[in-house]
Amino acid sequence: MVLAASAAVLGGLALVGLPSPAPVEPPPAPASAGHAGLAARLPAPEMAVRDLLARREESIRDGDEAAFAATVDPEAPAEFQQRQLQLFHNLRSVPLSSFGYRLDGAPLAHAPVPAADEVLASRVVLRYALSGADSVPTQRPLGYLFVRRGASWYLAEDTGVVPDAWRGPWDFGRVEVRRTDRGVVVGHDAAAVDRVAEQLDASVADVTEVWGRGWAQRVGVLVPGSPEELRSLVGPEFAVDGIAGVAIADLVDTRTRRVEGARVVLSPSTTEQLSGVALGVVLRHEITHVAARAVTADGAPMWMLEGYPDYIGYRKSGLAPRDVAPDLARAVREVGPPLRLPTNSEFHQAGRRLDLAYQQSWSVVHFLAQRLGEPGLTELYRRIAMATSPDEAEAALHESTGMTSPQLLAAWGADLPRSLA
């Protein structure tokens, strides 16, 4: 059995202060005396829109559908108005311990809106926390278009305003939510959500058994219903047709050990096509990424960053090594042991070559676990994962194992015929 590759995503969000408002469309034609008097009495657009966003937050927290509907442009297309009401009900189904919006940045250029007295397009930051999963809130960028009709401001559009606008599961239809002792699963198909929830607590416990208790020991799992939703949740970095699961985080600061928005996102096909054993492997692998993310630096050796989660993923699968690494076993029989450890570039390929890189990484980490024991292996992961240069990684390997990379390669290669038999 070969599982699709997975990786962790770091997506920091830089926030900027709101500058003085600037005009984003030509000045309107001179207004009548009545309209001019009304405009003079209205608050600045940004202040009015902030109040509108505050009312949306409050209506969601209070479950007040009428108040939420009153923030939506009554002249907007019926499809948008209906989608907004569905969004309200979807959000009400999600356990949120924190939820709020704020304007972010200068007004943006926008298309004309028929019959609107005034228009404001802006980035908006959504700040939220999933109850049972997030220790601290996270934030994602949105793009909203607001209109004034008479004295009132409304939301007129929530897509297409900025190219990088994020969309959450609640934007893609009715949501199913299952809370467990160790996390929360959010998706759309009840059977798929149930299947993941049944394995979640045991998977968290299995990861903690090896990694230790120095992490939140809770995780949010998203089960998207389509490739479009998967792409929105994980970003453009991944070819979504080729992954079983991805561990993502909205912000990671390894210096302060702060992680925001850590999630496991499963492919829509994962819960349908994988066996229960394979689904458990994927969950344990991705949850290991979540547990270790605060001490994992970008650019560290991928053979350890992916081999260690694979080691934990397969640890209780009951699969024999030759079944975990069939391509590696075949290569060893036909041409002999690998001539080098997998390089980082090999994890950015596709197909069988990528599968082989993962299998080699699992195998060498499995070999190290037998030599060092799991506590020693975990300490080695921590040291190598925080390495910011090849020399640092090499020093960590030598100090922890007494072996250089060539010596590790030789010892591992000599053991492969026995371990893969």
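Just so we're clear, the structure is a prediction, and the values are computed from it rather than from any experiment.

Novice: Please give an account of the overall build of the protein that cites residues and values.
Specialist: When helices and strands are tallied, the protein shows 14 helices and 12 strands. Evaluated residue by residue, the protein yields a buried proportion of 51% over its 421 residues. Restricting the contact set of the protein to residue pairs at least 6 apart, pairs at least 24 apart contribute 69%. A total of about 18600 Å² of accessible surface is found on the protein, and carbon and sulfur atoms cover 53% of it.

Novice: Can you explain the pairing of strand β6 (residues 176-180)? Please cite residues and give values.
Specialist: Here β6 pairs with strand β7 (residues 183-187) via five bridges, running antiparallel. Paired with Arg178 across the two strands is Val185, which belongs to β7. In sequence, β6 turns back onto β7 through a hairpin of two residues.

Novice: Account for the packing of aromatic side chains, naming residues and giving values.
Specialist: A complete count under the given rule lists 12 aromatic pairs for this structure. Consider the rings of Trp166 and Trp170, whose centres lie 6.0 Å apart with planes at 70°: the pair is edge-to-face. Between the aromatic rings of Phe347 and Tyr358, the centroid separation amounts to 5.2 Å while the plane-to-plane angle is 75°, which identifies the pairing as edge-to-face. Taken together, the residues span a long stretch of sequence, with Phe347 in the loop between α11 (326-335) and α12 (351-385) and Tyr358 in helix α12 at a distance of 11 residues. Judged by its relative accessible area of 8%, Phe347 falls in the buried class. By the ring-pair criterion, three or more aromatic residues cluster together here, those being Phe99, Tyr101, Tyr144 and Phe146.

Novice: So what's going on with helix α14 (residues 405-419)? Residues and values would help.
Specialist: End to end, α14 covers 20 Å across 15 residues, agreeing with the expected 21 Å (1.5 Å per residue, within 8%). Residues of α14 that are buried: Leu408, Leu409, Trp412, Gly413, Asp415, Leu416 and Ser419. Packing partners of the buried residues in α14 comprise α9 (302-315), α10 (321-324), α11, α12 and α13 (390-401).

Novice: Account for the side chain of Gln139, naming residues and giving values.
Specialist: With respect to the helices and strands, the residue Gln139 is situated in strand β4 (residues 138-149). Assessed through its relative accessible area of 13%, Gln139 is described here as buried.

Novice: Any details on the pairing of β7? Residues and values, ideally.
Specialist: β7 sits mainly inside the fold: five of its five residues count as buried. Burial along β7 is two-sided: the face carrying Gly183, Val185 and Gly187 and the face carrying Val184 and Val186 are both buried. In the sheet, β7 pairs with strand β8 (residues 219-223) via five bridges, with the strands oriented parallel. Bridge pairing in β8 links Val184 to Gly220. Handedness of the crossover joining β7 and β8 through helix α5 (residues 190-211): left-handed.

Novice: Give me the environment of Ala109: which residues, what numbers.
Specialist: As for its placement among the helices and strands, Ala109 is situated in the loop between β2 (96-108) and β3 (118-130). Exposure remark for Ala109: the relative accessible area of 68% places this residue in the exposed category.

Novice: Any details on unusual backbone geometry? Residues and values, ideally.
Specialist: Notably, Ala115 is not glycine yet its phi reads approximately 65°, a positive angle. Among the structural elements, Ala115 can be located in the loop between β2 and β3. The exposure class assigned to Ala115 is exposed, which follows from its relative accessible area of 70%. Positive phi values are uncommon outside glycine, yet Arg257 reaches one of about 60°. Note that Arg257 resides in the loop between β10 (251-253) and β11 (258-260).

Novice: Summarise the packing of α9 against α12; cite the residues concerned and give the values.
Specialist: The N-to-C vectors of α9 and α12 enclose an angle of 95°; their axes lie 7 Å apart at closest approach. The pairing of α9 with α12 is recorded here as roughly perpendicular in orientation. Here the residues of the contact of α9 with α12 are counted per class, giving 18 nonpolar, four polar and four charged.

Novice: Outline the packing of α5 against helix α8 (residues 276-292), listing residues and values.
Specialist: One can describe the packing of α5 onto α8 by two numbers: an axis separation of 8 Å at closest approach and a directional angle of 50°. The angle between α5 and α8 falls in the class oblique. Judged by the sense of rotation from one axis to the other, the crossing of α5 with α8 is right-handed. Where α5 abuts α8, its residues Arg195, Val196, Gln199, Leu200, Ser203, Val204, Asp206, Val207 and Trp211 lie against Gly276, Leu279, Gly280, Leu283, Arg284, Ile287, Thr288, Ala291 and Ala292. Taken together, the residues that form the contact of α5 with α8 break down as 10 nonpolar, five polar and three charged.

Analysis parameters
- Residues numbered from 1 in each chain as written.
- Predicted model: local features only at pLDDT ≥ 70, side-chain atom pairs only at ≥ 80, totals over all residues.
- Heavy atoms only, no water.
- Helix = DSSP H or I, 4+ residues; strand = E, 2+ residues; numbered from the N terminus.
- Buried < 20%, exposed > 50% of the residue type's maximum accessible area, 1.4 Å probe, protein only.
- Contact = heavy atoms within 4.5 Å.
- Areas by Shrake-Rupley, 256 points an atom, 1.4 Å probe, with all protein chains shown as cover.
- Pairing = 2+ DSSP bridges.
- Phe/Tyr/Trp six-rings, centres within 6.5 Å; stacked < 30°, edge-to-face > 60°.
- Expected span 1.5 Å × (residues − 1).
- Right-handed = clockwise from strand over helix to strand, strands pointing away.
- Axes fitted to C-alpha atoms, helices over the stretch in contact; angles between N-to-C directions.
- Parallel < 35°, antiparallel > 145°, perpendicular 65-115°, else oblique.
- Nonpolar A, V, L, I, M, F, W, Y, C, P; charged D, E, K, R; others polar.
- Left-handed = near helix turned anticlockwise from the far one by under 90°.

Any functional reading would require information that these geometric values do not contain.
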